[in-house]
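Below are the chains, spelled out letter by letter.
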Amino acid sequence: MTDAAITFDRVTKAFGTVRAVDEVSFDLPRGALVTLLGPSGCGKTTTLRLVAGLELPTEGRITIEGRDVTRLAAAERRIAMVFQSYALFPHMNVLENVAYGLVVNGARKAAAETDALAMLKTLGLEGLGQRLPSELSGGQQQRVAVARALVLRPQVLLFDEPLSNLDARLRRRVREDIRDLQKRLGLSVVYVTHDQQEALAVSDLVCVMRAGKIAQMGTPNELYEDPADSFIADFMGEANVLDGEVLGPDRIALGGVALATRMRAHPAGPAQLAVRPESITLLAEGEGLPGRIQRAAFLGQTREYEVETAVGTLFVVAPAAAPAFAGGEAVRCRMERVIPLRPPRG
Amino acid sequence: MGALTLGRAALLCAALGMLLLPWHGLEGGPAELAAWPGGTAAPLVALLLSGARWWLWPVALLLVITAPPLLRGRAPGGLLVATGAGIILWTLAMGEAIGLRGLDWHWLAPLLGAPPPQPSLGWGALFVLVGATGLFASGLAARGAFGADAFVAFLVAGSAFLLLLFVFGPLFTILSAAVYEGDRFAPGALVARVTAPEAWSLACLATHEGCGVVWNTLLLATLTAVLSTMIGLFFALLAVRGGVRAAPLFRAMTILPLITPPFVVAMALIVLFGRTGIVTTFMWDWFDIPRSRWIYGLPGVLLAQVLAQAPIAFLLLDGALRAISPSLEEASATMGARRFTIFRTVTWPLLKPALAAAFLLGFVESLADFGNPLVLGGDFDVLSTRIFFAIAGARHDPGRAAALALLLLALTFGAFALQALWLGRRRYTTVTGKGDSGIPAPLPAGLKLTCGLVVWPWMLFTAAVYGVILVGGFVHDIGRGDMSFTWRHILTAFEVEWRDGFALRGSAWDSLLTTIEVAAIAAPITAFLGILLAWLIARQDFRGRRTLEFMTMLSFAIPGTVVGVSYVMAFNVPPIELTGTALILILCFVFRNLPVGVRGGLAALAQIDRSLDEASATMGAGAVDTLRRVVLPLMRPAIITALAFSFVHAMTAVSAVIFLVSARHNLATVYIVGRVEAGEMALAIAYSTVLIFIMLAVVLGIEKGVGRARLGRRAAPASPGLRNAPAAAPVRAGA
Ligand SMILES: Nc1ncnc2c1ncn2[C@@H]1O[C@H](COP(=O)(O)OP(=O)(O)OP(=O)(O)O)[C@@H](O)[C@H]1O
Ligand SMILES: [Mg+2]
């Protein structure tokens, strides 16, 4: 209990017959940034709203910093949330927006504005206090929304797709800002996104959801390098999923060809194997799965190939510095690393 | 707000009501307080201890058992729900069971014996009931309902209780009155009354006798609906597609029915077409057309109703016609269709839903109209007037009135049900947004001519009617053609004397001041309650939300006459005795106009992204703060509009309140109707003119206020909260 900022204990949220969140349990460590990732409609937003108290669970128990908040209304939990639409109050100026939480919690107006001004400064928004939200750029609005949440010194800060209204370049910068701030202030953050790159870039932990359940939770590295099943392997970046056989530690067979590789321990026998496109090295000759180049494309930093082999067409990404091949050439594919998969659950 | 806080406040409120305040109403005014804590001003606790109201012990006991847990800091949900509901039900049931004549529910005699008479409930009971509602709500919140927010729980429980008491209660009373014959339960009487020849006779087809009142009502409503829809359509076609410069004038005219009390047009018609009317006299002098009383009866009532309804039909059709994207018609034109073919195959089908809406509105308004048939009906009775005379006429027969009211209610609901069925099957989503690209197809020449032939004479006619109203109050006797100028009528009504200080000597002051006072009290309550209900319905998820919405909208569909009759029947005797007070007028206005506030509120809330409320909640603001600081400021235009509408509706209403006024609390409209019946047409017209100008001032003032509020928000739509509203709101709000 001591180290967890948020715990879910078999929490279910049903809307009529739809179980948007289905018996989910997890502990989120204090001071970490956790992303909720998953396809549309998998229950990310609902999970976040359950933490915030904007939905109350149908079953199960939720604690925040050791306090049971299952039946507490949003106003009584010490959380703050940044909405996808930012939800800035259009009839209040920036300063009033940021001071709002302090004022409704009983702070004196002057004290609230001093705090709010300090927070605006932290986020580089000096001088914008008197503007209306409608008079700010998208990025500024986003930072006002963050300032408004942070000024309350929340135990937990929640973000629901905070960057989806921004353009690609701004998105990258703002997500770095959020990460910096989170580390500096030691905040516990839950962050919803459906962009897997964003998730990999900012998180301490990634929690992949599917159909209201948690498919896998781990560090970005674990999820990328060691996905539990083909759903996650596919979701966390591209993967060639092949039918093969595990022969022993670091030994597999693909299409009858025995190959040496690196892999996590897996019982011997037939298995599904996932291979990342950049884990395949193409050689003119030597040990490897024989194949023929079907298509080749030069993308500047990398080259992409489609290679026809006995186990299907492989998608391969090679660094531009590696030897180049042309369509029709015969090659050997060396599997640097493969990921033996468990079949998807459910 | 937490459940415990509410629970404690509710306990305090109920304890106050039980221990200190007089349990029964003070019929003799505050003077009776002298006898406190005895006599008629005794609080419940004194009545219980003296044994005078021993049957109310359960109320006290239920209240007492909630005290220990609440004082010790616990809010036991189940217990609070049960005790709250128990106190309310027991108090009201006992109030019904034992009335002014002692025991009314005779089947309880074995249990209660012969208890002494019991007058109506007073302040003490009110506080206990409010407290009990609070206990009930805090219990619900403690069990996790309403997002565990006790404030929301209290609002929902409170408004549901009020709606049950002041919308459903009276309806139920009417239903039961229809099955009683004097004091005897007689279900057969209902059947007999509802099927009486008075209602259904077809005698007029074969003989010179009148037909049943149901047929009269249906005929009038259908004709009104057809004619006003047609005229409205002609106006709309000419305004949108005819390229006439008078289009803004058409739109300005739509304000007229809003500010004209319903029978004023009827008076003007009498002045124009009555036996000694201006037009009649003119026809007689110049063309030897004999004077007659043709205006009294179906033609007159029909004319008056169409004059009132056509502008509203125009309003609906004008909007619909402008919303039809010209690109649809252009598409059809590029496919080689001729003008008339385009109109027939594209424009017309897309207009049909709005036509149906205009028709339905005309139909329902005609069913509910009371003022015009009363003034102009002559021998042509409709349900609303027949109901009135069954109550107020020589043969006072509440059972018959109730049965007729049920018939009227059934017709109204039937019309709404038909519309729901019809709209349910076809829903045009093609008509979305504004069609502001492309050039609308001009009207075919023949059609334009037809429109003009209807529209311009009708404009002339309307101008004549309102001209009569404007002039009539300032000439000696417009009814007999004496057109010399005078202040006489205005003075009779509104004379002010300064001699020994300030005195309002005019005969109309009493009713005018009462009207303004009642409307000014009712309007803010209506607006506030309506907006609150809209907020609950749109923003809170709770079981029974749809039911609450239906309950608030129901009073929209109940004709005023039915409301009036039902209020008289329900609130004439204990436990809730309100007839003869100003309070019953206020309550009647509040609950009749509530749907206006709720609709306005719902429309405004649809424009405000729900995440604003949620953001406020996550920052620690409770429902009260969120409402006060975020929702209400953003809804200011809707609130002002609701205020204006309920004020104006309260000033012009006549059908419901004609049953409820008293000598002490008379209303302007009822006073005017009385003057018409006494033949003092000029005085009535003078008074109406003053009313119309007051309301015009209110409406224009409000429009200006709202206009400014809109300007103030013009900068806002760029903010994400509002901009995303259409996209984001349905996702969560559509649950
Ligand atoms: N208020 C509601 N009423 C009914 N069903 C709902 C409600 N809110 C969410 N759902 C359903 O619950 C499921 C999960 O919804 P949720 O909003 O949590 O998805 P999400 O993972 O955030 O998706 P996205 O990436 O598209 O935002 C969906 O099937 C959705 O339709
Ligand atoms: Mg979502």
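Fair warning: this is a prediction, and the values are worked out from it, not measured in the lab.

**Here we look at the packing of helix 27 (residues 582-606) of chain B against helix 30 (residues 636-652) of chain B**
Residue and element names in this part refer to chain B. Between helix 27 and helix 30, whose axes approach to 9 Å, the crossing angle comes to 155 degrees. Comparing their axes, helix 30 and helix 27 come out roughly antiparallel. Crossing angle aside, the handedness with which helix 27 passes helix 30 is right-handed. Only Ala638, Ala642, Phe645, Ser646, His649 and Ala650 of helix 30 make contact with helix 27, whose side of the interface consists of Phe589, Asn593, Val596, Gly597, Gly600 and Ala604. The residue makeup of the contact of helix 27 with helix 30, split by class, is seven nonpolar, five polar and no charged.

**Points about the interface of chain B and chain A**
Taken together, the contact between chain B and chain A spans 30 residues of the former and 33 residues of the latter. With both sides pooled, the region where chain B packs onto chain A buries about 2600 Å², and carbon together with sulfur makes up 63% of that total. The tally of links from chain B across to chain A stands at one salt bridge. Residue A:Arg49 is joined to B:Glu614 by a salt bridge in which the shortest nitrogen-to-oxygen separation is 2.8 Å. Taken together, chain B and chain A are joined by six residue pairs in polar contact (both at pLDDT 80 or more). Within the residue set of the side of chain B that touches chain A, elements represented by two or more residues are helix 28 (610-618), helix 29 (623-634) and helix 33 (720-723) of chain B. Of the residues assigned to the side of chain B that touches chain A, the class counts are 14 nonpolar, 11 polar and five charged.

**Concerning the domain arrangement of chain A**
Residue and element names in this part refer to chain A. Each assigned domain of chain A is listed with its residue range as follows: domain 1 (4-230) and domain 2 (231-341). Listed by partner, the interface residues are 18 residues for domain 1 and 14 residues for domain 2. Across the domain 1/domain 2 interface, buried area totals approximately 1500 Å², and carbon plus sulfur atoms make up 63% of it. Interface area lost by domain 1 to domain 2 is led by Tyr224, Pro227 and Ser230, which between them contribute 39%. Linking domain 1 with domain 2 are two salt bridges, by the criterion used here.

**Let's talk about the site of ligand 1**
In the vicinity of ligand 1 there are 11 residues, among which A:Ser40, A:Gly41, A:Lys44, A:Thr45 and A:Thr46 approach most closely. The local environment of ligand 1 is shared, drawing residues from chains A and B. Take A:Cys42: an N or O atom from its main chain is 3.2 Å from an oxygen atom of ligand 1. Residue A:Thr46 places a side-chain N or O atom 2.5 Å away from an oxygen atom belonging to ligand 1. Computed on the free molecule, ligand 1 has an accessible area of 630 Å², of which 71% lies beneath the protein chains in the complex. Ranked by residues supplied to the shell around ligand 1, first place goes to helix 1 (residues 44-52) of chain A with three residues. Counted by class, the shell around ligand 1 contains three nonpolar, five polar and three charged residues.

**Examining the pattern of salt bridges**
Applying the stated criterion across every chain yields a total of 22 salt bridges over all chains. Across the pair A:Arg49 and A:Glu55 runs a salt bridge, and its minimum N-O distance is 3.1 Å. As far as burial versus exposure is concerned, A:Arg49 and A:Glu55 are alike and both buried. Salt-bridge contacts for B:Glu549 lead to B:Arg546; the nearest nitrogen and oxygen are separated by 2.6 Å. You can see B:Glu549 and its partner B:Arg546 sitting in helix 25 (residues 545-557), three residues apart, about one turn around the helix.

Conventions used here
- Residues numbered from 1 in each chain as written.
- Chains lettered and ligands numbered in written order.
- Predicted model: local features only at pLDDT ≥ 70, side-chain atom pairs only at ≥ 80, totals over all residues.
- Heavy atoms only, no water.
- Axes fitted to C-alpha atoms, helices over the stretch in contact; angles between N-to-C directions.
- Helix = DSSP H or I, 4+ residues; strand = E, 2+ residues; numbered from the N terminus.
- Parallel < 35°, antiparallel > 145°, perpendicular 65-115°, else oblique.
- Left-handed = near helix turned anticlockwise from the far one by under 90°.
- Contact = heavy atoms within 4.5 Å.
- Nonpolar A, V, L, I, M, F, W, Y, C, P; charged D, E, K, R; others polar.
- Buried area = accessible area lost by both parts, 1.4 Å probe.
- Salt bridge = Lys/Arg side-chain N within 4 Å of Asp/Glu carboxyl O.
- Polar contact = N/O pair within 3.5 Å; in protein donor to acceptor, adjacent residues only side chain to side chain.
- Domains from an automatic or database assignment.
- Near = heavy atom within 4 Å.
- Areas by Shrake-Rupley, 256 points an atom, 1.4 Å probe, with all protein chains shown as cover.
- Buried < 20%, exposed > 50% of the residue type's maximum accessible area, 1.4 Å probe, protein only.

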